[in-house]
Structure formats: C-alpha cells, structure tokens
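Chains, contacts and geometry: an overview
Given next are the chains, with one letter for each unit.
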Amino acid sequence: MSSSVYSRYRAAFAQGLATALGVPASDIEAQIKPAEPAHGDLSFATFPLAKAQKKAPPAIAAGLAQSVSVPGLEIKAVGPYVNARFAPLPFTAEVIDAARAAGLSYGGDPEAGRGKTVTIDYSSPNIAKPIGFHHIRTTFLGHCIANIYRALGWKVEGINYLGDWGKQFGLVAVGFQEYGDPARIDDMGHLVEVYVKANKRAEAEPEFDEKAREFFRRMEAGDAEALKMWSQFRETSIKGFRKIYERMGIEFEHIEGESRYQGKMDAVIEQIAKKPGVKESEGALVVDLPYADNEPPILLKKKDGSTLYATRDLAAAQDRYERFHFDKSLYVVAQDQALHFRQVFRTLKEMGHPWADRVVHVAFGRIGGMSTRLGRLVHLTDVLDEAKERASAIVKKNIEEGRLHTDDPDKLSEQIGLGSVVFGDLKHNRASDYTFNWDEVVSLDGHTGAYLQYAHARTVNVLRKGGGAPASYDASLLTLPEEQALLREIMRLPEVVRNAAEDYEPSLIARLLLDVAAVFSRFYTLGNQDREKRIIVEDNDALRAARLALTDATRVTLAAGLTLLGIPTPDNM
Ligand code: ARG
C-alpha cells in the first residue's frame, strides 16, 4: 500500500506512543491531530490517560516525550500535549521527491480503491429543454469527483443520465408542429425556443397540455412515428451537448438516459408489488409504504398509465447494480431533489436489495446571479463564451502592460475562462448556495482559477529561467521558514484528496491549492527584498538547485490539483 509522507509520520508517531503506553497503535492513531503550527506538526493530547494513570496530563506528556523516540521526528511535551515536529531531514527530501516522482498523479493513490467500482451519475441534462443552473454545478462537481475517484484507483463508471423521456417531448413535439421550422430540427437552440413557447402555452391552455400528454403516451406505447420524431430531437440535443463536453475536456463512460428503461418498467413495478407492495391512490399507482404527514407518495404510474421519474430511477438503480456491481453509486444532483432520492433509496431498501446502503445523493445548493448577456436562461455554452470573452479582455490588457506572455491569446483566454468558471463553482462547499459574480470569478487576483493558473505558470517560468528542474539537489539547504511552510502545504495534497473523496467535496482541494499558491507567492517574493533569498540565487548553484526542486514540487502540486478539478494548466501566461 503506497502511503503519503504525512500518513507515514503519523503512523510512526502513533506506534511510538502506543509502544510506550502498551496499547495497540490503532487506539492512538485517531487521536493524533495536527499541532498548532508554532508547536510542531503532530499533536497527541494526554487528557484521556489522566484517570487511569492517576497523574496530571502535563506530567504524562513530559514522561512520554522522554521515552518516545521516532526517527525523523523531534518530539517534545508542550503542557498536556506530546508534540512532534518533522525534522528538516529527511522530511524535506521526502516531500519534494514524493511530488516530483508522482507528477500529475501526485495526491492520488492507485492502491486505495483497487478492485472497487463507483458509478457516478452527473451532468444529466434534459434534452430539448434549457440547461439550468443546476446542470452547471452537477457537471463540474461530478467531473471532479470522477477524477478524484479515478486517482484513488477506483474503477469509475461515469453516467450521463439524460432526461430523454417524459412529457416534455410531447411538448416539444406538439410545439414543433406549431412553432417549429422543419429545416432547423437539428438546431438545439431552436428546439429549446420551441420548448419554452410550448411550455408557456401548455400552462395557459389545458387542451394543449393534454395533446402533449397524449404524444408521450404514444411514445410509451411504442408508436413508430412518435418515436421517430423523439429520436430526432434526442440526436440534435446530444450533438449540442457533446460540443460542450469536448470543450470542457469531459468524457463520460456512458451517455444514456431515462429512455433506456422504456418497456422495462413493468418488470420493476411487479417486483415492487411483491415487496414492499403497491397500492392505488387517487387512480395512480404508488409504492405501499407508511408515509409521513404531508409526504407525497412515491408515484410509479399516473392515472393514464404513463410512468414517472421515480419509476425510471428505480429501474436504473437496479440496472446499474446488475451491470457494474458497484461498491458505491453516487447521484450528483441538486438539493432540490432530496425528497425524490430519499424516496427512491427507501424503496430500494424496502425491496430488500443488499446494496441499497451503497447509494448516495451527493446534493448541492443553488447558484444565483449567473445570468449571461443573453438573458435569464442559462446555457452552459453561453456561460463559457462569456467567461472567455471576459478573460480575453484581461489577457489583452496584461499583454499590453507586459505582465503576461503567450503565443496564442485565443487559446489562453479559453483556458482562463473555463478555469475561472469551474473554480468559481468548486471553491464553494457543495451544500451551500452562492451568488455568482462575474467580476470576482474572472480575475487574475483573488481566490480565482486564473490566479491559480497564473501561480502554476509562474512556477513553470521560474524553472525555465533557472535552467530547468534539477535532477539532484541538497535538501538540507531549504531552511527558510517560507520554504518549510511551503513543504507542509505540498505535503497535504494526498490527505486532502482522500478527504475530498470521502466527503464528495472538491472545495477541499480548491482551498488547499489557494494555500499552496499563497505560500509559494511568499517564497517567490522573498527575493524582492533580499537577493540571497531569490529562487534563482546568483553564485550559489547548490542553493539554486534546491530552491528549483522545491519550485518543481510546487508546480506538480498545482498542476495535479488543478487537473483533478478539471481546470486547464497553461504553461505560459
Ligand atoms: N435530468 C434530471 C434533471 O435535470 C437530473 C437527473 C439526475 N439523475 C437521476 N438519476 N435522477 O433534473
């Protein structure tokens, strides 16, 4: 099992304490916490031992600090705590070498999830309907979570579960007869226009709405003509989506959708009828379960016999288990659908599926304020276009002012625009709602994607100017507090990636990268006041090589982290 520098030291410290105390190391390990930076790196609190030992915690700490010795750790008592600090050597070399040896896979661990499979349902837009705010978040979050699990050695089955079945096709179809231009049936934007008009009309005019329902009933009954039209709409939408995914560098293992379960739902309903049972409610068929007051029942079939979102998700969950035998099955979907997933998951459990406790709704909050110049409806393409346009203004200005260098301003603008929007989303806790502010999101300064891209490009640039990353270096020369602080940030990536996987929380990685960039910037700017502290220090080849090695480890950390987030890392900017 490959392990991180941090986890090795923590385990060794735990082992040392455990031996001294005569208890298993596993009892101690969970109690080791990061120390106050002024006092060390690792900390063990002795309070819990006081009662059994009938001694005051500071006395216990002092005794342990005397008797425990671990190579590479400087151990001492601070009040009731036993603290350990990473000795400059071999720690410095271990961190730098771990990052440089791993390269873009730094932070990952191919052993962690070996043999395990996770399905990740993400993006999952509705075809022929406008893409909503929530699709933007699920796309970024899901892509990042998929990257994280892959880096941890899991087999990832990313599923884009298109909303490609349901009454909305009825609406588009009957709407198309009224407002559609047959010559533009392959134009996604046109279909969305038609949908929006038809939807408005159906709200005002019950007969129109009934026509749409009738069309969907025909689809479910297998009517060839209705299905042909549906399939054209579907193709058009998928073609449109593909362009966006390509632009973002996203590839799904599976692009499928709700329509996959047409004709398969009766079998699922029969199964549910056996256990936990079905019943009729106001003409509709629902799952027979005790419901909370005010809880809407789980609908399987409407009065007119057509199936529903929940019916299809029940069929899909089983299908995913049969195909992939997942160890985890994630649904990266807006918090608004929490009730839906609670009910679907509860039904799976009541059906007796032993894997029902492996399914997780990875919920996220709302974004406000992301409208684009084109208006209130948000299309991911428009968001990316606007981001690129804004980035392009920044790129132009910075080139003119000599702050930025590139051979390909158009490509760089695209990369900065994309990086900004993705980072602007992923830096927020997924559960929280936030307001999107264009001026804050697309900027070279502040907590932005562009700032991190710039920090990364700066490392590349320093390495280039310094004659490249050195093959060998003397780690004992990196004694400045800023250098030691930077190592400690670089060291954190593997732990943070694990935590991000456990909590499905990309923001943890986003925030670590901001810390890495901030501490790197302190290291980098030291040389402004003091020539001796420059990275590319003159007349001292050994020191220069050591600082370049540290810069190289920083470069790797930023590149690996940004890549996990789904953010491009241009070398030049
Ligand atoms: N198409 C749905 C929507 O846009 C999201 C689907 C999420 N996945 C699922 N298995 N229900 O709201």
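Because the structure is predicted, anything quoted here is derived from the model rather than measured.

Glycine aside, a negative phi is what most residues show, and trans is what most peptide bonds show. Residue P90 is bonded to the preceding L89 through a cis peptide linkage, with omega at 5°. Its place among the elements puts P90 in helix α5 (residues 88–102). At the junction of K275 and P276, the peptide bond is cis and its omega measures out at 5° in the coordinates. Tracing the backbone through its elements, the reader meets P276 in the loop between α11 (265–274) and β8 (278–281). For S124, which is not a glycine, the phi torsion comes out positive at approximately 40°. Assignment of secondary structure puts S124 in the loop between β5 (117–121) and α6 (133–151). Given the relative accessible area of 15%, S124 is considered buried. The residue E282 is not glycine, and still its phi comes out positive at about 50°. Here E282 is to be found in the loop between β8 and β9 (284–287).

Below, the discussion takes up the sheet that holds β9. Spatial ordering of the open sheet is given by β8-β9-β10, a layout of three strands whose pairing is antiparallel. Edge strands, defined here as strands with exactly one partner in the open sheet, are β8 and β10 (299–301). Averaged over neighbouring strand pairs, the angle between their axes works out to 45° when direction is ignored. By the bridge criterion, four bridges tie β8 to β9 in an arrangement that is antiparallel.

One face of the sheet, then the other: side chains in a regular strand alternate in exactly this way. In terms of burial, strand β12 (residues 359–364) is a largely internal element, five of the six residues being buried. Note: strand β11 (residues 328–334) against β12, six bridges, orientation parallel. Paired with S329 across the strands is V359, a residue of β12. Following the chain from β11 across helix α13 (residues 338–350) to the adjacent parallel β12, one finds a crossover that is right-handed.

Basis of the calculations
- Residues numbered from 1 in each chain as written.
- Predicted model: local features only at pLDDT ≥ 70, side-chain atom pairs only at ≥ 80, totals over all residues.
- Heavy atoms only, no water.
- Helix = DSSP H or I, 4+ residues; strand = E, 2+ residues; numbered from the N terminus.
- Buried < 20%, exposed > 50% of the residue type's maximum accessible area, 1.4 Å probe, protein only.
- Pairing = 2+ DSSP bridges.
- Axes fitted to C-alpha atoms, helices over the stretch in contact; angles between N-to-C directions.
- Right-handed = clockwise from strand over helix to strand, strands pointing away.

The analysis is restricted to geometry; functional conclusions fall outside its scope.
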